[in-house]
Amino acid sequence: MPARPKHTAAEFVPDTRDLDDLADAATGCKGCDLYLDATQTVFGGGSADAEMMLVGEQPGDQEDKAGAPFVGPAGKLLDKALVQAGIDRGRVYVTNAVKHFKFTLPERGKRRIHKTPGRTEVVSCRPWLLAELDAVRPEVLVLMGATAAQSMMGSAFRLTAHRGEALRLPEIDEITDLDVDPAVAVTVHPSSVLRGRPEDREEAFGALVSDLRFAAGLRSAAR
Ligand code: URA
Ligand code: SF4
C-alpha cells in the first residue's frame, strides 16, 4: 500500500451510522482537493436496509449537478441491467468510491471531461465508503470497475481476473474493525459498456447483467 495521504475524509466522518447524518456531514468534506472544483458532494443513496450495495467510481457530470449517484447515462444503463438481472433498484444502495466529480475543462465554456480519480483521492475518500458499508451492512457488495474494486480490495487487485468469483473483503484493520463480512462480487463499470465499440455493446451489457445476477445469488436467502 502506498503511504497514506496527509488528509483524508476520516476527520469529517461523524460517529453516527445514520445515513442521512452521514450524507449531511459529507457535504462539508475537504478530505482531498476534489471538493474545490466540483459542484457538490454526491453521497450514496437507496435503501438503508438494502441486501445489496453497489459501488461505482465517482459521480459524473450529471450526478455532480443533480447531487445524486447514477442518474446520468451510466445510471440509466445500470437501471436496465438491474431489471434484467431481476434486482429491484428500490432495494439496493448505490454509491461511489469517490464522492466528488473529478474533471478537466479543456477550454472555457466547453464540456467537462471526466478524469479517473487517483489512488490518493480514492484512499482519502474511503472512510465515507466504509461508513456507508457499516451503516447499510449489506449481504452482498458489488464493486463495479477498477476504482471501486481497488478501493476495497487493494491497489494490486485485478478486476478481470476475478469476475464471476465469490470474494470476501481483505483482512485489513479498517475493514475488520467494522465487523462486516459481506459476500463480494466484482464487475465492470456500467460506463465501460457505453464507451466500448457499438458492435461489442450487447455482449458487454449481457456480461454485466450476468455478473449482477451472480451477485444476487450470493445473498443468504438465495444460498
Ligand atoms: N459513474 C459512476 O461511477 N458513478 C456515478 O454516479 C455515475 C457515473
Ligand atoms: Fe472528501 Fe471524497 Fe470529496 Fe475528497 S472526494 S473532498 S475525500 S468527499
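Numbers given to residues run from 1 along each chain, matching the order in which its sequence is written. Chain letters start at A and ligand numbers start at 1, both assigned in the order the entries are written. Totals for whole chains, interfaces and linings use every residue, but because this is a predicted model, local features are given only for residues with pLDDT of at least 70 and side-chain atom pairs only at 80 or more, for both listing and counting. Heavy atoms from the whole structure form the basis of all side-chain values; hydrogens and water molecules are not counted.

Per an unreviewed UniProt entry, the protein chain goes by Type-4 uracil-DNA glycosylase and derives from Mycolicibacterium celeriflavum. UniProt positions are given in the numbering used here, feature names are shortened, and annotations may be inferred rather than shown by experiment. Quoted straight from UniProt, the Sequence similarities (unreviewed entry) entry for the protein chain says "Belongs to the uracil-DNA glycosylase (UDG) superfamily. Type 4 (UDGa) family."

To continue, consider the packing of aromatic side chains. A pair of aromatic rings is counted whenever rings of Phe, Tyr or Trp (Trp by its six-membered ring) have centres within 6.5 Å, and the orientation is called stacked for planes under 30 degrees apart, edge-to-face for over 60 and tilted otherwise. As enumerated under the stated definition, the model contains two aromatic pairs in all. Charges are assigned to positions over rings by a cutoff of 6 Å between ring centre and Lys NZ or Arg CZ, combined with an angular limit of 35 degrees from the ring normal. Lying over the aromatic face of F205, K80 brings its terminal NZ or CZ to 5.1 Å of the ring centre.

Taken together, A9, C29, G31, C32, Y35, V98, K99, H100, S124, C125 and W128 make up the full set of residues adjacent to ligand 2. As defined here, a cavity is a set of points on a 1 Å grid over the protein atoms alone where a 1.4 Å probe fits but cannot get out. A pocket is an open set with protein on both sides within 12 Å along at least five of seven lines, and residues line them when an atom is within 4 Å of a point. What decides whether a molecule sits in a cavity or pocket is whether more than half of its atoms lie within 2 Å of the grid points. In this structure the site holding ligand 2 corresponds to the largest cavity. Only heavy atoms are used to decide nearness, and a residue is near a molecule or strand if one of them lies within 4 Å of it.

The side chains of a regular strand alternate, first on one face of the sheet and then on the other. We call a residue buried when its accessible area falls under 20% of the maximum for its residue type, exposed when it is over 50%, and partly exposed in between, using a 1.4 Å probe and counting protein chains only. In DSSP terms, a helix is any run of H or I states spanning at least four residues, a strand is any run of E spanning at least two, and both are numbered starting from the N terminus. Among the five residues in strand β2 (residues 52-56), five count as buried, and that is most of the element. The side-chain alternation of β2 yields two buried faces, one formed by M52, L54 and G56 and the other by M53 and V55. Any two strands between which DSSP finds at least two bridges are classified as paired. Pairing analysis gives five bridges linking β2 to strand β3 (residues 92-96), with the strands arranged parallel. Bridging from a neighbouring strand, M52 pairs with V92 of β3.

What is meant by a nonpolar core is a set of buried Ala, Val, Leu, Ile, Met, Phe, Trp, Tyr and Cys residues, joined one to another through side-chain atoms within 4.5 Å. L143 and L212 are the most contacted members of the largest nonpolar core, which totals 64 residues. When residues in this core are grouped by element, the largest group, nine residues, is from helix α4 (residues 119-136). Only heavy atoms matter for contacts: two residues are in contact if any of them lie within 4.5 Å across the pair. Here L143 is in contact with V55, A148, A149, M152, M153, L159, V184, A185, V186 and T187, once residues within four sequence places are set aside.

Glancing now at the pattern of salt bridges. One speaks of a salt bridge when a side-chain nitrogen belonging to Lys or Arg is within 4 Å of a carboxyl oxygen belonging to Asp or Glu. Tallying each qualifying case throughout the model produces 16 salt bridges. Taking the shortest distance from any N to any O, the salt bridge between D134 and R17 comes out at 2.9 Å. Separated by 117 residues along the polypeptide, D134 in helix α4 and R17 in the segment before α1 (19-26) bring together distant segments of the chain. Assessed through its relative accessible area of 15%, D134 is described here as buried. Owing to a relative accessible area of 33%, R17 belongs among the partly exposed residues under this scheme. A salt bridge links R89 to D79; the nearest nitrogen and oxygen atoms lie 2.5 Å apart. On the criterion of sequence distance, the pair formed by R89 in the loop between α3 (73-84) and β3 and D79 in helix α3 is long-range, its members being 10 residues apart. In the salt-bridge network here, residues are joined through shared partners; they are D61, D64, K65 and R112.

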